[in-house]
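In case you want the letters, here they are:
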Amino acid sequence: MVQDRSGIKTATEGWEEPPKSAVLVLADGTVIEGHGIGAEGIAVGEVCFNTAMSGYQEILTDPSYAGQIITFTFPHIGNVGTNEEDLETVNLAGASGVRGCILKADITEPENYRSSRHLDAWLKARGIIGLTGIDTRALTARIRERGMPNAVIAHDADGRFDIEALKAEAAAWPGLEGMDLAKEVSTTQSYNWDETGWHWGDGFGRQDEPRFHVVAIDYGAKRNILRLLAEAGARVTVLPASATAEDVMAREPDGVFLTNGPGDPAATAEYAAPMIRGVLDAGVPVFGICLGHQLLALALGGKTAKMSQGHHGANHPVKDLATGQVAITSMNHGFAVDADSLPDTVEATHVSLFDGSNCGLMLKNGRGFSVQYHPEASQGPRDSHHLFRRFAEMIEANMTEHAG
């Protein structure tokens, strides 16, 4: 080492780079090398990118990411560590839905009073393979230009990889189209939920005086969705994705909620659409989010299609076509509803200002509505929390009508 005129010590020679211990192998044969973090092993999935600058723990525990490898565009992921409160998956015993994660920079030591574990240790505990030290901007640009590729992510501390075998595995993976992943992340049995939102200094609350009963169908439910339903006044019962209309109506719901979830909505709709139509025919109000939005559209006769790069982030502007108001929303979806395919009984209500894709619908008879984005805002802005109050008002109006 020598000192320059400023007194700062500099190296006279370049330093030795640590060995490459992780690779991302795309289905077209492209190999990207980096440094491994988290669990060791091999996983295959679809590579997407997420533009959020915060909320990485919520993203990595969102069941909607099942079958996907997330590239974080924000470079500093892990700097606030992890904790036990910011999990979004309800099924703690289940394997993580996300197949892997890709970061620009190495994970730093956490600097946050809520942190209880380093992100690297947390990834290991959840079995999530990670890769750092690559040009995430270049990978993101590739996805924007060519679409979300299928790929294999692999981590071996000694850097031993059979690249040709990994290329073959990436090329052979069929992709998310046609995949029903909701059943893989859904609960297998019903349960009740009464936890409400987190408030500074108090933590999470409880709903002790519910005004109505909501049955939530779990296609990959996030905790904060269930919390906001409870906070809006609901006694919440959660049923598996495979629930039939008879199963739902046997619970005597005042409203039915269709959650977010992963995979191809057309595949899940094979069993979900008949249930949704049965509930609507019974006159029960319905509210859907994300995959729930797509399933409602399919049940009503609409169509969905795979997107090239999808929408994943916490800064997506969505316009309400009725009011002209624009909300900044959190999104996570790789399929979209074809607004032109919706029947005359349905009105398109929201549109993405990024690409004009459909982001909401409403039944003209007032019995149901849905949005493509995540109004529960975990992670993300809270511009659309009011939709849970809207659902509550719809339910109570329906209860009053039938009571009369």
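Just so it is clear, the structure is predicted and the values come from calculations on it, not from any experiment.

About the criteria used
Every chain's residues receive numbers from 1 upward, in the order its sequence appears when written. Reporting in this predicted model follows two pLDDT cut-offs: at least 70 for local features of residues, and 80 or more for side-chain atom pairs to be given and counted; totals over whole chains, interfaces and linings ignore these cut-offs and use all residues. Hydrogens and water are ignored here; the side-chain numbers use all heavy atoms of the structure. To define a nonpolar core, start from buried Ala, Val, Leu, Ile, Met, Phe, Trp, Tyr and Cys residues and group those joined through side-chain atoms within 4.5 Å. Note on classification: 1.4 Å probe, protein chains only; a residue is buried when its accessible area is under 20% of the maximum for its type, exposed when over 50%, partly exposed between these limits. By the criteria applied, helices consist of DSSP H or I runs no shorter than four residues and strands consist of E runs no shorter than two, each listed in order from the N terminus. Paired strands are those between which DSSP finds at least two bridges. Axis definition: a line fitted to C-alpha atoms, limited for helices to the stretch in contact. Angles are taken between N-to-C directions and run from 0 to 180 degrees. Contacts are assigned to residue pairs with any non-hydrogen atoms lying within 4.5 Å of each other. Pairs of N or O atoms are called polar contacts if they sit within 3.5 Å, as long as, within protein, a hydrogen donor faces a hydrogen acceptor (for residues adjacent in sequence, only side-chain-to-side-chain pairs). Two rings from Phe, Tyr or Trp (for Trp, the six-membered ring) form a pair when their centres are within 6.5 Å of each other. A pair whose planes differ by under 30 degrees is stacked, one over 60 is edge-to-face, and the rest are tilted. Only Lys NZ and Arg CZ are tested; either one counts as a charge over a ring when it is within 6 Å of the ring centre and within 35 degrees of the ring normal. Salt bridges are identified by distance alone: a Lys or Arg side-chain nitrogen within 4 Å of an Asp or Glu carboxyl oxygen.

**Considering the nonpolar core**
Piece 1. Core analysis: the largest hydrophobic core is formed by 38 residues, its most contacted members being Leu24, Leu60, Phe72 and Ile102.
Piece 2. If one sorts the elements of this core by residue count, strand β5 (residues 41-50) sits on top with four residues.

**Topic: unusual backbone geometry**
Piece 1. Positive phi values are uncommon outside glycine, yet Glu252 reaches one of about 55°.
Piece 2. The topology assignment puts Glu252 in the loop between α7 (245-249) and β15 (255-258).
Piece 3. If you check the backbone angles, Cys290 has positive phi at about 60° while not being a glycine.
Piece 4. With respect to the helices, strands and loops of the structure, Cys290 is situated in the loop between β16 (286-289) and α9 (291-299).

**With respect to the sheet that holds strand β13 (residues 212-218)**
Piece 1. Read across the open sheet, the 10 strands follow the order β10-β14-β13-β15-β16-β21-β20-β19-β17-β18; overall the sheet is mixed. Here the strands that pair on one side only, and so sit at the sheet edges, are β10 (191-193) and β18 (326-338). Taken over all neighbouring pairs, the strand axes of this sheet differ in orientation by 25° on average, direction set aside.
Piece 2. Across 11 bridges, the pairing between strand β17 (residues 303-320) and β18 is antiparallel. Its bridge partner lying in β18, His316 is registered against Thr329.
Piece 3. With respect to the sheet, helix α8 (residues 265-281) is in contact with β13, β15, β16, β17, β18 and β20 (358-363), its orientation differing from that of β15 by roughly 170°.

**Quick word on the side chain of Ser21**
Piece 1. Mapped onto the elements, Ser21 comes out in the loop between β2 (9-10) and β3 (22-26).
Piece 2. Among the polar contacts made by the side chain of Ser21, one reaches the main-chain amide nitrogen of Gly36 at a distance of 2.7 Å.
Piece 3. When neighbours within four sequence positions are excluded, Ser21 is seen to be in contact with Gly34, His35, Gly36, Ala154, His155, Asp156, Ala157, Gly159 and Phe161.

**Some points on the packing of aromatic side chains**
Piece 1. As enumerated under the stated definition, the model contains seven aromatic pairs in all.
Piece 2. Seen from their ring centres, Phe287 and Phe388 are 5.8 Å apart, and the 70° between their planes marks the pair as edge-to-face. Taken together, the positions of Phe287 in strand β16 and Phe388 in helix α10 (residues 386-403) put the pair 101 residues apart, joining distant regions of the chain. Summarising the burial analysis for this pair, Phe287 and Phe388 share the class buried.
Piece 3. Residue placement shows Lys183 over the ring face of Tyr271; its charged tip is 4.3 Å from the ring centre.

**A closer look at the pairing of strand β4 (residues 31-38)**
Piece 1. Looking at chain direction, β3 and β4 are connected through four bridges and run antiparallel. Looking at β4, one finds that Leu24 is bridged to Ile32.
Piece 2. Relative to strand β8 (residues 129-132), β4 is paired through four bridges, and the arrangement is antiparallel. Its bridge partner lying in β8, Gly38 is registered against Ile129.

**Considerations on the sheet that holds β3**
Piece 1. Strand order in the closed barrel formed by seven strands is β3-β4-β8-β7-β6-β5-β9, with mixed pairing between adjacent strands. Averaged over all neighbouring strand pairs, the angle between strand axes comes to 35°, with direction disregarded.
Piece 2. Packed onto the sheet, helix α2 (residues 119-126) meets β4 and β7 (100-102) and runs at close to 95° relative to β4.

**What to know about the pattern of salt bridges**
Piece 1. For the structure on display, the rule yields 15 salt bridges.
Piece 2. We note a salt bridge from Lys124 to Asp120, for which the minimum N-O separation is 2.7 Å. In this pair, Lys124 and Asp120 are both assigned in helix α2, four residues apart and thus about one turn of the helix distant.
Piece 3. Linking Arg160 and Asp156 is a salt bridge whose minimum nitrogen-to-oxygen distance equals 3.8 Å.
Piece 4. The network of salt bridges with shared partners includes Asp62, Lys222 and Glu376.

**Observations regarding the pairing of strand β9 (residues 150-155)**
Piece 1. A large share of β9 lies buried, amounting to six of its six residues.
Piece 2. In this structure, β3 lies alongside β9, joined through five bridges in antiparallel fashion. Among the inter-strand pairings, Ala22 is bridged to a residue of β9, identified as His155.
Piece 3. Pairing of β5 with β9 involves six bridges; the strand directions are antiparallel. Bridge assignment links Gly45 to a residue of β9, and that residue is Ala151.

Nothing here speaks to function; it is geometry throughout.
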